[in-house]
Amino acid sequence: MSFFSMTKTLIKSIFHGPYTVKYPLEKKESFPASRGRIEINIQDCIFCGLCARRCPTGAINIEKAESRWSINRLRCIQCSYCSEVCPKKCLKMSNNYTAPSFENVEDEYCNARVPDNKENNRNIAGAC
């Protein structure tokens, strides 16, 4: 009897095809509620440091004097604690994943706002 049940499973597996996705060639769809990576809207950041203090792995570094915000992507565990504690809600969790790499990836953002020119402040902040 067990031979027939095994044969049924074998035939079903042959005609079904692969159950996995060939990752580098085909991207798997991401679900809306999945946690992928932290993104920041640097124009709204006030560099208070709450996200860095709340991060359990210490992946976020803030230098308030230079207005720099950086995250070590290899250390980040996508727990979303930093986005929950942010008072300006400039951090958010996107469902896009960080690309795989062999090196330590650290994204660094700096605030390039000019304090005396309030009209252009929103348009010139960006990545360092």
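In what follows, the accompanying structure is described. If you're wondering where the values come from, they're calculated on a predicted model, not measured in any experiment.

## Quick look at the overall build of the chain
Here comes step 1: The helix and strand tally for the chain stands at 3 helices and 6 strands.
Here comes step 2: Taken from N to C terminus, the helices and strands of the chain fall in the order α-β-α-β-β-α-β-β-β.
Here comes step 3: Expressed as a percentage of the 128 residues in the chain, the buried residues total 26%.
Here comes step 4: A separation threshold of at least 6 residues defines the contact pool for the chain, and within that pool the share at least 24 residues apart is 64%.
Here comes step 5: Put simply, the chain shows about 9800 Å² of open surface, and 55% of that area lies on carbon and sulfur atoms.

## Digging into the pairing of strand β2 (residues 60–63)
Here comes step 1: Two elements, β2 and strand β3 (residues 68–72), share 4 bridges in a ladder whose sense is antiparallel. Each residue of the ladder has a partner; that of Ile 62, found in β3, is Trp 69.
Here comes step 2: Between β2 and β3, which follow one another and run antiparallel, lie 4 residues, and Ser 67 among them has a positive phi close to 55°.

## Comments concerning the environment of Tyr 97
Here comes step 1: Along the polypeptide, Tyr 97 turns up in the loop between β4 (91–94) and β5 (106–110).
Here comes step 2: Judged by its relative accessible area of 52%, Tyr 97 is exposed.
Here comes step 3: For Tyr 97, the residues in contact, after removing those within four places along its chain, are Ser 34, Arg 35, Gly 36 and Arg 37.

## Focus: the packing of aromatic side chains
Given two aromatic rings, their pairing is described by the distance between the two centres and the angle made by the two planes.
Here comes step 1: Summed over all chains, the structure comprises 1 aromatic pair.
Here comes step 2: For the pair Trp 69 and Tyr 109, a centre-to-centre distance of 5.9 Å together with 45° between the ring planes defines the contact as tilted. Here the residue Trp 69 occupies a position in strand β3, and Tyr 109 occupies one in strand β5, the gap between them amounting to 40 residues.
Here comes step 3: Take Trp 69: its relative accessible area is 1%, and that puts it in the buried class.
Here comes step 4: For Tyr 109, a relative accessible area of 19% gives the class buried.
Here comes step 5: Above the ring of Tyr 81, the side-chain terminus of Arg 54 is found at 4.4 Å from the ring centroid.

## Notes on the pattern of salt bridges
Here comes step 1: Inspection of every chain in the model, using the stated rule, returns 3 salt bridges.
Here comes step 2: A salt bridge links Glu 108 to Arg 68; the nearest nitrogen and oxygen atoms lie 3.1 Å apart. Here Glu 108 is found in strand β5, whereas its partner Arg 68 is found in strand β3, with 40 residues between them in sequence.
Here comes step 3: Accessibility expressed as a relative area gives 35% for Glu 108, which makes it partly exposed.
Here comes step 4: Arg 68 gets classed as partly exposed once you look at its relative accessible area, which sits at 29%.
Here comes step 5: Three or more residues are tied together by salt bridges with common partners; here these are Arg 37, Arg 73 and Asp 107.

## Description of unusual backbone geometry
Here comes step 1: Here Ser 80, not a glycine, exhibits a phi torsion of approximately 70°, which is positive.
Here comes step 2: Relative to the assigned elements, Ser 80 resides in the loop between β3 and α3 (81–85).
Here comes step 3: The exposure class assigned to Ser 80 is buried, which follows from its relative accessible area of 13%.
Here comes step 4: Of note, Lys 89 is a non-glycine position whose phi angle comes to about 55°, a positive value.
Here comes step 5: Using a relative accessible area of 54% as the deciding quantity, one classes Lys 89 as exposed.

Rules of the game
- Residues numbered from 1 in each chain as written.
- Predicted model: local features only at pLDDT ≥ 70, side-chain atom pairs only at ≥ 80, totals over all residues.
- Heavy atoms only, no water.
- Helix = DSSP H or I, 4+ residues; strand = E, 2+ residues; numbered from the N terminus.
- Buried < 20%, exposed > 50% of the residue type's maximum accessible area, 1.4 Å probe, protein only.
- Contact = heavy atoms within 4.5 Å.
- Areas by Shrake-Rupley, 256 points an atom, 1.4 Å probe, with all protein chains shown as cover.
- Pairing = 2+ DSSP bridges.
- Phe/Tyr/Trp six-rings, centres within 6.5 Å; stacked < 30°, edge-to-face > 60°.
- Lys NZ or Arg CZ within 6 Å of the ring centre and 35° of its normal.
- Salt bridge = Lys/Arg side-chain N within 4 Å of Asp/Glu carboxyl O.

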